[in-house]
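# Summary of structural features
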Amino acid sequence: MLSSLTITNMLLIDFVELEFKRGLNTLTGETGVGKSILLDCLGFVLGCNNNSQLVRDSTKTGEVVAEFFISANHSVCEFLEDAGIDHSDTIIIRRLINKLDGRKRNFINDQNVSLDLIKRLAPNLIELQGQTGNQVLLNEQSHLNFLDKFADVGPMLIEIQKIWKEKQFTKKELEQEIAQYEATKSQKEYLEVSISEIQDFDIQVDEEEKLDIKRRQVKGIQRNKEKFEKIDKLMTSCELDNNISDLIKLLDLTRQSMGEVVEESISALDRTLDEFAYARSEIAKLLESQNFDDKDLENIEDRLFSLRALGRKYNVKTNELPKLLDKMLAQLMGLDSNRTKISHLERKFNEIVKSYGEKANNLSLQREKAGKDLDRMVIKELKYLKMADCNFKTEILPVKEGPRGVDGVVFKVATNRGGEFGKLQAIASGGEMSRFLLALKVCLTDQEQGTTMIFDEIDRGIGGATADSVGRRLGMLAKHSQIIVVTHSPQVAAHGDYQWKVEKFQSQDNFPVTRIKELNSHDRLTEIARMLSGKEISDEALAAAKKLLD
């Protein structure tokens, strides 16, 4: 709520300090006295007007200070906290302007701030409902917000925003996993081919060393082939074991007559016979193991050279190929795990999409129902405002899905019975526009919204019963908020809870000066009578004014 406005050296105002109250506040005065100056100054302090010509002619600097009272749960509290600005239950916005160089200084609660910060803060505090200005209701981007507030779908919005956030996060995660998988797809194919090649080779432990030894053996056999043939022949024809056996038998026959003197010889011959038998067995094994031909050598060398080539291909020693195979198998398993994760994320994403669709559909149904209720209420209000031929429609259009669902909302109007619907901006008459906005405000304004609304000459072009209806509707709107109205209509002014009069004087230095004062009950009666009859206030005008105030 705007609690006070202090203006120093701005336009026709040398100094004015106003204290506004909750309810309907009306500003009246004769044409040309400067009622709109108040709105110009308010626009300046809220960042909407930066014209250096606003400074009073006889001075160099001007200043406007606006003080607002806010509740503890007002949305602006979070805004100020995010901006790092200390606050209590009041917000003081102060702007100074130097006429000579056009420099401006901006403060919120005595903290120097940017103009952009004030501009972003202002819509949370005040709505200017001028006849041709930048009313928030004329901004189609705001229509969805108004309908959602009217439909009371706050919890649904929180839920769908949470799902949307989760959907976007999961989608991004899935896209990253897919991109990573695609990037490693060629690596996967390489691993599969390499693993197959190494597995098919069936490498044995220390196989290169064993093959190399066998290769040298075969080559050695080939070089000593004649010697081995002679060895084989000698071993086959040799009867050394028979001869030694005969010797042992003969010596054994002499044992009775000779005694133990032959015992040593017999033992030596026994050992020789055993060693010879062992040597013959080993030579037989050796001859058997050397039974290779050229084809065998070729097979050994093919295997050995292929094994070494495989090691060179993968840039490892041949005895490290089994470890490399294990490593590749682990890498392939990781890539397969990535594919599994993608499948899991795809299932999760599809579930979220389904959930989002259900929530968005429920939200759309709620909006559609609320839109029809709003249409009926606005049309009813228009009848009270003597605009019975006008029609109103809340058009809900499909839009690209987002954190607020899949709906776009546009408020449309038909100014003639049976006419085509068009955008609110299409209303040509300023008076009709103001009344239409008033009807919408009556239906859409939250009792706890906490925003001050200012209407500039909402009664232009209307009078009598229509102006009275406008005043009544403004009074209804002001029951739970603060309304400030600049008006020429005595009927509207009479419905105000408080009234200020704007007057223009000639100062001592011959400069025009605008004064604004709050009226007491007697002065208010006189002012409304003036508005009814003009400068000459008749008894009839006073009586009519008294009746309006009653």
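Scroll up a little and you will see the structure.
Residues numbered from 1 in each chain as written. Predicted model: local features only at pLDDT ≥ 70, side-chain atom pairs only at ≥ 80, totals over all residues. Heavy atoms only, no water.

## Quick notes on helix α7 (residues 207-223)
End to end, α7 covers 24 Å across 17 residues, agreeing with the expected 24 Å (1.5 Å per residue, within 8%). The complete set of buried residues in α7 reads Glu207, Leu211, Asp212, Arg215, Val218, Gly220 and Ile221. (Helix = DSSP H or I, 4+ residues; strand = E, 2+ residues; numbered from the N terminus. Expected span 1.5 Å × (residues − 1). Buried < 20%, exposed > 50% of the residue type's maximum accessible area, 1.4 Å probe, protein only.)

## Focus on unusual backbone geometry
A positive phi angle is found at Leu11, which is not glycine, with a value near 55°. A positive phi angle is found at Asn315, which is not glycine, with a value near 60°. For Asn315, the location among the structural elements is in the loop between α12 (294-313) and α13 (321-384).

## Remarks on the packing of helix α17 (residues 521-533) against helix α18 (residues 539-549)
Across the interface, α17 lies against α18 with an axial gap of 8 Å and an inter-helix angle of 115°. The element α17 and its partner α18 pack so that their crossing is right-handed. Residue-level inspection shows Arg524, Leu525, Thr526, Ile528, Ala529, Leu532 and Ser533 of α17 in contact with α18, the latter providing Ala541, Leu542, Ala544, Ala545, Lys546, Leu548 and Leu549. Each residue belonging to the contact of α17 with α18 can be placed in one class, and the counts come to ten nonpolar, two polar and two charged. (Axes fitted to C-alpha atoms, helices over the stretch in contact; angles between N-to-C directions. Left-handed = near helix turned anticlockwise from the far one by under 90°. Contact = heavy atoms within 4.5 Å. Nonpolar A, V, L, I, M, F, W, Y, C, P; charged D, E, K, R; others polar.)

## Notes on the sheet that holds strand β10 (residues 405-414)
Taking strand neighbours across the sheet as the criterion, the three strands line up as β9-β10-β11 in an open arrangement whose pairing is antiparallel. Strand pairing shows two members of the sheet lacking a second neighbour, β9 (391-402) and β11 (422-423), which therefore form its edges. Of the strand pairs in this sheet, β9 and β10 are connected by nine bridges, and their pairing is antiparallel. Following the sheet pairing, Asn391 is matched in β10 by Ala414. Against the sheet, helix α4 (residues 143-151) touches β9 and β10, its axis set at about 100° to β10. (Pairing = 2+ DSSP bridges.)

## Observations concerning the pattern of salt bridges
Summed over all chains, the structure comprises 29 salt bridges. We note a salt bridge from Asp212 to Arg215, for which the minimum N-O separation is 3.9 Å. With Asp212 and Arg215 both in helix α7 and three residues apart, this pair spans about one turn of that helix. Residue classification places Arg215 among the buried positions, given a relative accessible area of 17%. (Salt bridge = Lys/Arg side-chain N within 4 Å of Asp/Glu carboxyl O.)

## Things to note about the pairing of strand β6 (residues 104-108)
Side-chain positions along a regular strand alternate between the two faces of the sheet. In this structure, strand β5 (residues 90-98) lies alongside β6, joined through five bridges in antiparallel fashion. Following the sheet pairing, Arg95 is matched in β6 by Asn106. What sits between the antiparallel neighbours β5 and β6 is a turn of five residues, in which Gly102 has the positive phi angle 75°. Note: β6 against strand β7 (residues 111-112), two bridges, orientation antiparallel.

## Some points on the nonpolar core
Counting residues in hydrophobic clusters, the biggest one holds 50 residues, and the most contacted among them are Phe411, Phe436, Leu438, Phe455, Leu474 and Ile483. Of all the secondary-structure elements, those providing two or more residues to this core are α4, α5 (154-183), α13, β10, α14 (430-444), β12 (452-456), α15 (464-478) and β13 (482-486). Among all residues touching Leu474, those that are not within four sequence positions of it are Leu24, Leu438, Phe455, Ile458, Ile483, Val485 and Val492. Core analysis: the second largest hydrophobic core is formed by 46 residues, Leu38, Leu46, Val76 and Ile454 among them. (Core = buried A, V, L, I, M, F, W, Y, C linked by side-chain atoms within 4.5 Å.)

## Quick word on the sheet that holds strand β2 (residues 13-19)
Taken together, six strands build an open sheet; the order of strands is β2-β1-β4-β5-β6-β7 and the sheet is antiparallel. Of all strands in the sheet, those with a lone pairing partner are β2 and β7, marking the two edges. Pairing of strand β1 (residues 2-10) with strand β4 (residues 61-69), which is carried by six bridges, proceeds in the antiparallel orientation. The residue bridging Ser4 from the neighbouring strand is Glu67, located in β4. Lying on the sheet, helix α1 (residues 35-45) is in contact with β1, β2, β4, β5 and β6; it crosses β1 at an angle near 100°.

## Re the packing of aromatic side chains
Taken as a whole and assessed by the stated rule, the structure comprises four aromatic pairs. Each ring, one from Phe20 and one from Trp500, has its centre 5.0 Å from the other, and the planes form 50°; the classification is tilted. Here Phe20 is found in the loop between β2 and β3 (23-28), whereas its partner Trp500 is found in strand β14 (residues 498-506), with 480 residues between them in sequence. The same class applies to Phe20 and to Trp500, which are both buried. Note on Trp164 and Tyr356: the rings are 5.6 Å apart at their centroids and 45° apart in plane angle, and the pair reads as tilted. You can see Trp164 sitting in helix α5 and its partner Tyr356 sitting in helix α13, a full 192 residues away along the chain. Here a set of aromatic residues connected by ring pairs shows up, and it is made of Phe392, Phe411 and Phe436. (Phe/Tyr/Trp six-rings, centres within 6.5 Å; stacked < 30°, edge-to-face > 60°.)

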